[in-house]
Structure formats: structure tokens, C-alpha cells
Amino acid sequence: MEKKIIVDKVKVASNRIEVYYSIQGEIDKYFNLDEKCFWAEYTEDISSVPESIAVIPFICNVLPIAWLSDAELIVNELDEEFYHSLFEVKHGYMLLSRMLEFKGKVTVNHIINNRYETTKQSAVLFSGGVDAFTTLFRHLDENPIMITLRGSDVKLSDVEGWKVVSEHVESTAKTFNLPQPEFVTSNFRIFINEGELGGLCAKSGDGWWHAYQHGIGIIGHTAPLAFIHKFNHVYIASSYTCDFPVICASDPVIDSHINIADTEVKHDGYFMNRVDKVKFIVDTCERMNKNIILRVCWISTGGHNCCNCEKCIRTIFNILSVGGNPNQYGFILDSSLESQMLKVVSKCLATVPFQRPQWHDIQDYIVSHDSFSKKNDPNYNWIYTIDIDKSCPKPSILKRIIRKLKRIVRKIIKYWSKRT
């Protein structure tokens, strides 16, 4: 039997979209059949959104499945500009994952022209972390609308966590005199079978969510809002830089090719590493005399930072390295947590090597600047001497030269990006 994902019905009513679909062939294992449909709820009325736009959130979350399983995705109506952008999006995935084959195709019965004249309004996808705040601060002069998605890093079942997150977003909007934020709730992570999909992308060495779904999957949910508000741009924050090549579902070769009618998606801040971003955030807060909470933890529930995972500790060191105070950015430290930092980081560096470049950036900045306030504290000053590459063979001379060249290229890109 041929493998097909068929959109049977798209229902738009009030603030909710429901997409009913059927599966043919041996790809049904990639879907959670207990979920009757894909759905997304918005905080404003989207009933005027046409089917060709309303179906985009669903399409974005099944495209990588169709491509990698060599299936045909059949849609009745789809926006013309979005449809044509998919050719470059697919090519972007192919560039990042050369070890996999992207064979599937999209068949559209009716391609619809939804062109409109954009307004000056832009939107920023906002999670509350370092990347998101950097992009928000870079575009404050555009008075952007923040869009935050429930069901992404905060599970639908985590009611208390969502309360903390939504209040944080509301507070941020008020702090910087921004428009009312938009909140979207979706089952996009549970209508599929993420465990089975991990097998589909196993050759990549990464998981489904990080490597193939999250970027385009999150972006897709902005389509109805883009149509209503006629956004000129939707910004999604970069996670990595040009000198930190990884397979990731959010990358300029994917994100920046997505068009929703006349709204362009922009992958923002790709020239900045995490130290650059934290310094920019700290400098901006000091210049504007504002206080913010960075929400970076992906371990804890409840929407707070645990302060004891690798990502929390890495962000704490980022803040300290540029002369900031972690306690002013949502991190609560005590002696028991501080004494475990080296152990947690050492274990991570040994088992998750793709985080090493970010620790190299922190170490390089601390060694070359005199702004690290914890240089005499044994719970922190190991950063000066830790061998970040200890658990892997010493890089060859060629690899070290390549790494230096990449840093030079990033500096050049950063320079020209600031000029333009």
C-alpha cells in the first residue's frame, strides 16, 4: 500500500483550528492514534482565516515525516507563497542531514493566492530564554507582538508551569510597553509518536524534536496570526551560530525560506554566540534600567530554572562572564547547588560533546576579560583550568585551524550584520 497522509477536513471556528487527517500505509506508527485530530487554540478570534492558511500549522508538523518516510502529503487547499517556499525548506533539511533521504512529496489540489499588503507590525516567537530575549531586544523598536506556544517545552498537563510562563510573558510585555501577547495552545507534540519517529531519524544521531520538528513546527502556528495581523516579519531566534554546525530543526537554511502569504519568516541573531547574546541582554537591561527573568531550564517542571542542570549552569556562567548577577535574571543559588556545578558540567561535557563549543566560548571570554566576579571562588574558578575536550582526543592541527577560521568568519559576519 502506498504511504499517504491525507488532510480530510479543516475546521476553523472562533479561536480553534482542527485538522482531521487519515493515514495510509505503514506510517501510522508515527502518529498517536488516540488523538482524533491535530488542533491549535488561539487567544483571539481566527474564524476569518481561510482553510489554505489554517492548515499550515498541521502541514509544518507533518512535512518532515512525509519527506523522511517517502510518503505523499495530500492537501485540498494551501497558500501559494507557502507552497512555493517548501522547495527551499526541503533543500535546507537536505543540506543539514546529508545522511538521510528526503523523498516524500506534497500534493495540493488547489493553490490559493492570499497575498496582502503587510503592515509595519512584526512578531517574535518568545519562549523567555536567552535566544528569545536577544531577538526581542534586537527588534524592540518594531514594537513586536510576542507569540508563545503552550505544548512545546511546557507540557499541556503542566498547568502550574504554564501559569508561570504566561505570567512571565505578560509581565515582559508590560515592562517594555509592547502589545498584548498572543498565546497558542496545541497538541503538536503529542498527536505524533515521537518515540517511533526517533527511529526514522536515528542515522542523524539526534532526536526528532530537536533535529526535525521544533523550528518549522513552532513557526507554522503563527500562520493564522500572520494572516489576521498582516505581519511583515515573524522572527524566530537562532539557537546556534555559523561556527557551531549541528543538525537542528531551526536553522537559517530552513526558517528564513518560509513565507506565509506576504509575511516573511526571519531566523534572527545567527551571527551571535551565547556569550554575545547574554552580554547584549545584560547591557540592554542596564541601559534601560529594566529587570527580566530568563527562563532557560528544560529539566524542571513549573516554569522555573532548576539551577542544577547543564543548561542552567551554562547560563549562570554566561551571565557571570560578562559581569552580570545571575540572581537578577531568575537564578537562585545556594551552596549545595554551587558545589555540584563542576560535577554536572564534567558529566555533560563527557556525554554531550556538541555543547563543548559553547563552553569554549565562555572559557575564552573569561580568560580574555577581567569581568568574572567569581574568580576566587572554588565553586566557580575551575572554569579557568577545566579541559573542555578532556573526554575526547585532542583536536588535530587541521581541526584547530578550521575552528579558528570559523571564528574569524563569524566575526566578519557579525561585523557586516551590524553595518547593515
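Note: the structure precedes this text.
Reading guide: rules and limits
- Residues numbered from 1 in each chain as written.
- Predicted model: local features only at pLDDT ≥ 70, side-chain atom pairs only at ≥ 80, totals over all residues.
- Heavy atoms only, no water.
- Buried < 20%, exposed > 50% of the residue type's maximum accessible area, 1.4 Å probe, protein only.
- Helix = DSSP H or I, 4+ residues; strand = E, 2+ residues; numbered from the N terminus.
- Pairing = 2+ DSSP bridges.
- Polar contact = N/O pair within 3.5 Å; in protein donor to acceptor, adjacent residues only side chain to side chain.
- Axes fitted to C-alpha atoms, helices over the stretch in contact; angles between N-to-C directions.
- Parallel < 35°, antiparallel > 145°, perpendicular 65-115°, else oblique.
- Left-handed = near helix turned anticlockwise from the far one by under 90°.
- Contact = heavy atoms within 4.5 Å.
- Nonpolar A, V, L, I, M, F, W, Y, C, P; charged D, E, K, R; others polar.
- Disulfide = S-S within 2.5 Å.
- Salt bridge = Lys/Arg side-chain N within 4 Å of Asp/Glu carboxyl O.

In terms of residue burial, strand β3 (residues 38-42) counts as a mostly covered element, since 4 of its 5 residues are buried. Of the strand pairs in this sheet, β3 and strand β8 (residues 182-186) are connected by 3 bridges, and their pairing is antiparallel. Opposite Tyr 42, over in β8, you have Val 184 as the bridge partner.

The subject of this paragraph is the environment of Asn 273. Within the fold, Asn 273 resides in the loop between β11 (263-268) and α10 (274-288). What makes Asn 273 buried here is its relative accessible area of 6%. A polar contact of 3.0 Å, which involves the side chain of Asn 273, links it to the backbone nitrogen of Val 275.

In the contact formed by helix α2 (residues 56-68) and helix α3 (residues 80-96), the axes pass within 12 Å of each other and the chain directions differ by 40°. Classed by the angle they form, the pair α2 and α3 counts as oblique. Viewed along their axes, α2 and α3 form a crossing whose handedness is right-handed. Where α2 approaches α3, its residues Ile 56, Ile 59, Cys 60, Leu 63, Pro 64 and Trp 67 are matched on the opposing element by Phe 82, Leu 86, Val 89, Lys 90 and Tyr 93. Class assignment of the residues belonging to the contact of α2 with α3 gives a composition of 10 nonpolar, no polar and 1 charged.

A word on the state of the cysteines. In the structure shown here, the tally under the stated rule is 0 disulfides. Cys 285 forms no disulfide, and the closest cysteine sulfur to it belongs to Cys 307, at a distance of 17 Å. The closest cysteine sulfur to the non-disulfide-bonded Cys 297 is located on Cys 306, 3.6 Å from its own sulfur. Look at Cys 297 and you get buried, because its relative accessible area is 9%.

Summed over all chains, the structure comprises 16 salt bridges. In this structure, the salt-bridge partner of Arg 16 is Glu 41, at a minimum N-O distance of 2.6 Å. Placement of the pair is Arg 16 in strand β2 (residues 16-24) and Glu 41 in strand β3, with a sequence separation of 25 residues. Take Glu 41: its relative accessible area is 29%, and that puts it in the partly exposed class.

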